[in-house]
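# Survey of secondary and tertiary structure
Below are the chains, spelled out letter by letter.
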Amino acid sequence: MACSLVASNLDLKPGKGLRVQGEVAPEAKSFVLNLGKDSDNLCLHFNPRFEAHGDVNTIVCNSKVGGAWGEEHRESTFPFLPGSVMEVCISFDQADLTIKLPDGYSFKFPNRLNLEAINYLAADGDMKIKCLAFD
């Protein structure tokens, strides 16, 4: 059920949002949503890990500048279940990205690249995208 999607030229402006709905694979280890300028310049690497890279039921967020990863941020709230439907909503401004999770929980991650528009989206891993919407 692994999915791979890349979209460019999105021109997502501050104040606008992205909603990703999908199905998590029954044997899911992790999935990834990357947002930014391109694959080497990501303002958000969103990586829910069911059991991957030494993490269990942890969301790992990071940024990438010029191909170099920044400092990881970990969230212990983990509302994702293998074999279930999921939805993640992401909006941003000059300072932060706001990530809203399925259980109503949300958190902020700093816009370390100070992007004025998000032009790149990539999704990969143990999740099948059913709907991608821009609000």
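A quick note: this is a predicted structure, and the numbers were derived from the prediction, not measured. (Residues numbered from 1 in each chain as written. Predicted model: local features only at pLDDT ≥ 70, side-chain atom pairs only at ≥ 80, totals over all residues. Heavy atoms only, no water.)

### Thoughts on the UniProt feature "domain: Galectin" (unreviewed entry) in the protein chain
UniProt annotation of "domain: Galectin" (unreviewed entry) refers to residues 4-135 when read in the numbering used here. Helix makes up 0% of residues 4-135 and strand makes up 66%, while its end C-alpha atoms are separated by 22 Å. (UniProt positions renumbered as here; feature names shortened; annotations may be inferred. Helix = DSSP H or I, 4+ residues; strand = E, 2+ residues; numbered from the N terminus.)

### A short note on the confidence of the model for the protein chain
When pLDDT is averaged along the protein chain, the result is 94; 98% of the residues meet or exceed 70. Averaged pLDDT values over the elements of the protein chain bottom out at 87 in strand 1 (residues 3-12) and peak at 98 in strand 6 (residues 68-69). (pLDDT = per-residue confidence, 0-100.)

### Section: the pattern of salt bridges
This structure, assessed with the given rule, holds seven salt bridges. With a closest N to O distance of 3.2 Å, lysine 13 and aspartate 11 form a salt bridge. Judged by relative accessible area, lysine 13 falls into the partly exposed class, the value being 40%. Residues arginine 19 and aspartate 135 are paired through a salt bridge, measuring 3.8 Å at the closest nitrogen-oxygen approach. Here arginine 19, found in strand 2 (residues 17-24), pairs with aspartate 135, found in the segment after strand 12 (127-134); they are 116 residues apart in sequence, far enough to count as distant. (Salt bridge = Lys/Arg side-chain N within 4 Å of Asp/Glu carboxyl O. Buried < 20%, exposed > 50% of the residue type's maximum accessible area, 1.4 Å probe, protein only.)

### A short note on the packing of aromatic side chains
One pair of aromatic rings is described through two measures. These are the centre distance and the angle between the planes. Throughout the structure, instances matching the rule amount to six aromatic pairs. When the ring of phenylalanine 31 is compared with that of phenylalanine 50, the centres are 6.5 Å apart and the planes differ by 45 degrees; the resulting orientation is tilted. Pair noted here: phenylalanine 31 is in strand 3 (residues 31-38) and phenylalanine 50 is in strand 4 (residues 41-52), with a separation of 19 residues, a long-range link. The pair phenylalanine 31 / phenylalanine 50 is uniform in exposure class, with both members buried. Ring centres of phenylalanine 50 and phenylalanine 78 lie 5.1 Å apart, and the angle between their planes is 90 degrees; on these two criteria the pair is classed as edge-to-face. Of the two residues, phenylalanine 50 is situated in strand 4 and phenylalanine 78 in the loop between strand 7 (73-75) and strand 8 (85-92); the sequence distance between them amounts to 28 residues. On the accessibility criterion, phenylalanine 78 (17% relative accessible area) is buried. Members of the aromatic cluster, joined through ring pairs, are Phe31, Phe46, Phe50, Phe78 and Phe80. (Phe/Tyr/Trp six-rings, centres within 6.5 Å; stacked < 30°, edge-to-face > 60°.)

### Focus: the sheet that holds strand 8
Spatially, the five strands line up as an open sheet ordered 10-9-8-2-12, and their pairing is antiparallel. The sheet is open, and its two edges are formed by strand 10 (106-110) and strand 12, each paired on a single side. For this sheet, the mean inter-axis angle between neighbouring strands, taken without regard to orientation, is 20 degrees. (Pairing = 2+ DSSP bridges. Axes fitted to C-alpha atoms, helices over the stretch in contact; angles between N-to-C directions.)

### Re the pairing of strand 3
Within strand 3, six of the eight residues are buried, leaving the element largely enclosed by the surrounding structure. Strand direction decides the pairing type here: strand 3 and strand 11 (residues 118-125), joined by six bridges, are antiparallel. Counted as the bridge partner of glycine 36 is tyrosine 120 from strand 11. In this structure, strand 3 lies alongside strand 4, joined through five bridges in antiparallel fashion. Bridge pairing links leucine 33 to phenylalanine 46 in strand 4. The turn linking strand 3 back onto strand 4 is made up of two residues.

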